[in-house]
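# A closer look at the structure
Next come the chains, spelled out residue by residue.
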Amino acid sequence: MKKKILNILLIAGALMLCSCDTQNDKKSVSANNTVSSDKTTIKESVRETTTVKETTTKEETTPPSGKVSLAFTGDIYFSDNLYGYYEAEGLKGFLSDKIIDNMKNADLFIPDHEFVASDRGEMAEYQIYTFRAPSIREKLWKEMGADVVTLANNHTLDYGVTALQDTFSLLNDLGIDYVGAGNTLSEALKPCIKEVNGKKIAIFGSTRFVPQGFWYVTESNPGLLTTYESTPYYGYI
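First, a word on what this report is: a plain description of the structure on this page.

The rules behind these values
Residues numbered from 1 in each chain as written. Predicted model: local features only at pLDDT ≥ 70, side-chain atom pairs only at ≥ 80, totals over all residues. Heavy atoms only, no water. Phe/Tyr/Trp six-rings, centres within 6.5 Å; stacked < 30°, edge-to-face > 60°. Helix = DSSP H or I, 4+ residues; strand = E, 2+ residues; numbered from the N terminus. Buried < 20%, exposed > 50% of the residue type's maximum accessible area, 1.4 Å probe, protein only. Pairing = 2+ DSSP bridges. Contact = heavy atoms within 4.5 Å. Arc of directions from axis to C-beta.

## Section: the packing of aromatic side chains
Here a ring pair, both rings aromatic, is described through the centre-centre distance and the interplanar angle of the planes. All chains considered together, the criterion is met by 8 aromatic pairs. Measuring from centroid to centroid gives 5.8 Å for Tyr77 and Phe115, while their planes differ by 50 degrees, and the two rings are tilted. Note that Tyr77 is positioned in the loop between β4 (68–76) and α1 (80–89) and Phe115 in the loop between β5 (108–113) and β6 (116–117), a separation of 38 residues in sequence. Each of the two residues, Tyr77 as well as Phe115, counts as buried. Between Tyr126 and Phe214, the ring centres sit 6.2 Å apart and the planes meet at 85 degrees, which makes this aromatic pair edge-to-face. Here Tyr126, found in the loop between β6 and β7 (132–133), pairs with Phe214, found in the loop between β12 (199–206) and β13 (223–224); they are 88 residues apart in sequence, far enough to count as distant. The partly exposed category is assigned to Tyr126, whose relative accessible area is 34%. Taken together, Tyr77, Phe78, Phe115, Phe131 and Trp141 form an aromatic cluster joined through their ring pairs.

Below, the structure is given as structure tokens:
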């Protein structure tokens, strides 16, 4: 690329940059349900490249101020326990009012999708822990206000390529963009572009760890984008 993509938000790995302590929530479900309550102000302009995909953004309700608030989370997994709390009390069953407000009112809310959403697939025997949630639970992202999720982590292929592709389809149906994974390398390398308050924000996802080499995305193999130095596209990052 012609310029360093310092102007592009590199959301590396599982976006562990901005997780918050959820022990103040009504119920702490697991370490996989950590949400950020901090907003980050971004003041940099972002240039669109010819290889990025354009997406729609949240409707502006105020005149452009040049400021953009971002909310990030670490690992989130819609486990059986969490979904039980949700069915009983909605989002307030496992999140505090403050966290819900932060997620929904940020210009962009970008969580880590630390599981595969599917009703299919075979469990990876080599994984100590595997995370899969029924497809019906994917709707929670929409209710939480997610704009973009990263799939670049060590669990989104816990149930194979078919389940990962189911996750792609479910997110597409919900109108939620994803980064860090794709059906091809070209797809996974494309940042997601969001325009907010007159700023173009590029969101990019990659992971520093995958449990097996075949998790790497290639032009012929669906998978995850990694940042291992040995991969040929490390220089892109």
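## Quick look at the pairing of strand β11 (residues 192–196)
When you tally the buried positions in β11, you get 4 out of 5 residues, the bulk of the element. Bridge count for β11 against β12 is 5 bridges, and the pairing is antiparallel. Across the sheet, residue Cys192 finds its bridge partner in β12, namely Ile203. Two successive antiparallel strands, β11 and β12, enclose a turn made up of 2 residues, where Asn197 displays a positive phi of approximately 50 degrees.

## Things to note about unusual backbone geometry
One non-glycine residue, Asn197, adopts positive backbone phi at about 50 degrees. Within the secondary structure layout, Asn197 lies in the loop between β11 and β12. Judged by relative accessible area, Asn197 falls into the buried class, the value being 10%.

## Side note on the environment of Arg137
Residue position: Arg137 is located in the loop between β7 and α3 (139–144). Overall, the relative accessible area of 10% leaves Arg137 in the buried class. For the pair Arg137 and Phe78, spaced 59 residues apart in sequence, the C-alpha separation works out to 6.9 Å. With near-sequence residues (within four places) excluded, Arg137 lies in contact with Phe78, Ser79, Asp80 and Tyr83.

## Some details on helix α2 (residues 97–105)
When we look at burial in α2, the residues that qualify are Ile99, Ile100, Asn102 and Met103. Down the axis of α2, the buried set is contained in an arc of 160 degrees. They therefore lie on one face.

## Observations concerning the environment of Phe115
Among the residues examined, Phe115 registers a relative accessible area of 0% and is labelled buried. Counting along the chain gives 18 residues from Phe115 to Ala133, while the straight-line C-alpha distance between them is 7.0 Å. Residue contacts for Phe115: discarding those within four places in its chain leaves Ile76, Tyr77, Phe78, Phe131, Ala133, Glu138, Trp141, His155 and Thr156.

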